[in-house]
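Spelled out from the first residue to the last, the chains are:
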Amino acid sequence: MQTLNNVSRVGIWGYGREGRSVLEFLRKNFPRLTVSVLVDVAPGHIGEMPSDVQLLVGDKATASIRSGFFDLIIKSPGISLYRREITEAKKNGVKVTSSTNLWFEKNGVVGVIGVTGTKGKSTSSRLIHSLLGQAGLEGIIAGNVGIPILDCIPGKDYTVIELSSYQIADLCHAAPIAVIGNLYPEHGPWHGGHEQYFHDKLRIAHRNTDQIVVANSMDDRLRVLLADYSNVVWGNSESGFSAKGGRLFYGQQPVDTAGFPLQGEHNLINLAMALGACEAFGVRQFHKKVDLSSFTQLPHRLEEFSSRSGMLCVNDSISTIPEAVIAALKTYQHRDILLILGGTERGQDYDELLSFLQRIHVRAVALLPETGHRLHEAIRTTTSLDSTLASDMESAITFLSSRAKSNDIVLLSPGAPSFGGFTDFEERGKIFQELCRDLL
């Protein structure tokens, strides 16, 4: 592997699942290397560290990165590529890479379908995997799916890799097929701004005639940013599969999707994009019918459940941008909605969402910190919606419970990240489910 040629000292920056996987990979394949583990904050439980691996924490870790002590640093995705320590390390001749780049370097790109998008990439990746499996092909799904990529062996026929912007920002390899579902402002702090986020996200698409880029034709930002790419195949368009008015079409002909279990127009768009990727891969058997009745959605994505009183509740905790809230509200626009909104402040623009709230049946809104502060002020001064600024999830649900009617839907679609109040969006969703069952 070229990246590891002429390397003797390696720093593994970050020691979660990715970092542990990298250490195991290096010890198995490159036992001669001197390896150190670098972490910003001492973890509560790091497990047993091999005796020949040095652990550097906090200032000691960052000083060693800056100094040029290491020949190579392999960083975890959550660590921003734009941190000052990395800039200084590169000036001192240090190579910086990721486990994603190492996987590609080891396994190549044959049969790889790279999937990204601000929202819907997990669903689209799993749909592609399911459809290719129905076509009789053997493969795997890897990447941003909870399993470290270096632990994954390429599939016999295909490998679907879900890629976050963190994984793409320094990606050095071009998958033969790249799928981009949408592009909205997100992850500004990690990338140093939304424009850099867009630029980094589109590194998955290369101006390379050997690569096919399947991009969503209905995303205005993608239409502009990919306008001069000669290798783009526009998905979700009338030239192939597209979602319109709650139905799936191939060209002008409707496609039978009876039994498709996912709700919302946005999930039909995800399906159209997945089918477009399958066509680019050479699978063309779904023009008339798609049977995905056995497909199951991941948790925290419009996940429906009932409270003990029988009220319908929807856990959409994965919603971290205002566009995702609008998609969720459209899914239930024919019902009266009690909405929980708000989370970590990232300076996102909520004007379109606030306007949309006044056009559908939202009866009450409970707003969580931090974005809840400015959203509550905007709702209070520009709308007649019943709203409150809640201190936590319990007080939010208590407020909505006092307004609830039997046919209402209680919807958690925060439109903001969960950091601060919760460990992650999964914990936020679980707490919402528990409290709904107890309090409604």
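Our subject is the structure listed above.
Parameters at a glance
Residues numbered from 1 in each chain as written. Predicted model: local features only at pLDDT ≥ 70, side-chain atom pairs only at ≥ 80, totals over all residues. Heavy atoms only, no water. Phe/Tyr/Trp six-rings, centres within 6.5 Å; stacked < 30°, edge-to-face > 60°. Helix = DSSP H or I, 4+ residues; strand = E, 2+ residues; numbered from the N terminus. Buried < 20%, exposed > 50% of the residue type's maximum accessible area, 1.4 Å probe, protein only. Lys NZ or Arg CZ within 6 Å of the ring centre and 35° of its normal. Salt bridge = Lys/Arg side-chain N within 4 Å of Asp/Glu carboxyl O. Pairing = 2+ DSSP bridges. Polar contact = N/O pair within 3.5 Å; in protein donor to acceptor, adjacent residues only side chain to side chain. Contact = heavy atoms within 4.5 Å.

Student: Help me out: how do you make sense of the packing of aromatic side chains in this one?
Tutor: Here a ring pair, both rings aromatic, is described through the centre-centre distance and the interplanar angle of the planes. What the rule picks out here adds up to 9 aromatic pairs. Their ring planes at 90° and their centres at 6.2 Å tell us that Y82 and W190 sit as a pair that is edge-to-face. Of this pair, Y82 sits in the loop between β4 (72-75) and α3 (84-91) while W190 is found in helix α7 (residues 188-191), placing the two residues 108 residues apart along the sequence. Taking the relative accessible area as the measure of exposure, Y82 reaches 35% and is therefore partly exposed. Ring centres of F305 and F432 lie 5.9 Å apart, and the angle between their planes is 80°; on these two criteria the pair is classed as edge-to-face. Taken together, the residues F305 in strand β15 (residues 303-306) and F432 in helix α15 (residues 425-439) connect sequence positions 127 residues apart. A connected cluster of aromatic rings, assembled from ring pairs, spans Y82, Y166 and W190. One Lys or Arg, R9, reaches over the ring of F69 and ends 4.5 Å from the middle of that ring. Just above the ring of F249 sits the side chain of K244; from NZ or CZ to the centre is 4.6 Å.

Student: Any chance you could explain the pattern of salt bridges here in plain terms?
Tutor: Opposite charge on two side chains makes pairing possible when the charged atoms of those side chains draw close. For the structure on display, the rule yields 13 salt bridges. In this structure, R83 and E85 form a salt bridge, with 2.8 Å as the shortest nitrogen-oxygen distance. Residue R83 is classed as partly exposed on the basis of its relative accessible area, which comes to 24%. Overall, the relative accessible area of 9% leaves E85 in the buried class. The residue K156 makes a salt bridge to E138 at a minimum N-O spacing of 4.0 Å. Of this pair, K156 sits in the loop between β7 (139-143) and β8 (158-162) while E138 sits in the loop between α5 (121-134) and β7; the two residues are 18 residues apart in sequence, bridging distant segments of the chain.

Student: Which parts of the structure should I look at to understand the pairing of strand β20 (residues 409-412)?
Tutor: Two faces belong to every sheet, and in a regular strand the side chains alternate between them. Going residue by residue along β20, you find I409 and L411 tucked away on one face and V410 and L412 tucked away on the opposite face as well. With 4 bridges joining them, strand β16 (residues 312-315) and β20 adopt parallel strand pairing. Residue pairing across strands places C313 opposite V410, the latter belonging to β20. Pairing analysis gives 4 bridges linking strand β17 (residues 337-341) to β20, with the strands arranged parallel. The residue bridging I337 from the neighbouring strand is I409, located in β20.

Student: I tried to follow the side chain of T383 on my own but got confused; where do I start?
Tutor: Structurally, T383 can be placed in the loop between α13 (371-382) and β19 (386-389). From its side chain, T383 meets the backbone oxygen of I379 in a polar contact 2.8 Å long. Reaching out from T383, the side chain makes a polar contact with the backbone nitrogen of L385 at a distance of 3.2 Å. Once residues lying within four places of it in the same chain are set aside, the contact partners of T383 are Q358 and A378.

Student: What's the story with unusual backbone geometry in this structure? I'm lost.
Tutor: A negative phi angle characterises most non-glycine residues, just as the trans form characterises most peptide bonds. That bond from P369 to E370 is cis: its omega, 5°, falls within 30 degrees of zero. Inspection of the secondary structure puts E370 in the loop between β18 (362-367) and α13. If you check the backbone angles, N6 has positive phi at about 55° while not being a glycine. For N6, the position within the fold is in the segment before β1 (9-13).

Student: Whenever I open this one, the environment of K405 confuses me. Can you help?
Tutor: As for its placement among the helices and strands, K405 is situated in the loop between α14 (393-403) and β20. Separated by 68 residues in the primary sequence, K405 and I337 place their C-alpha atoms 10.0 Å from one another. Beyond its immediate sequence surroundings of up to four residues, K405 is in contact with M311 and R363.

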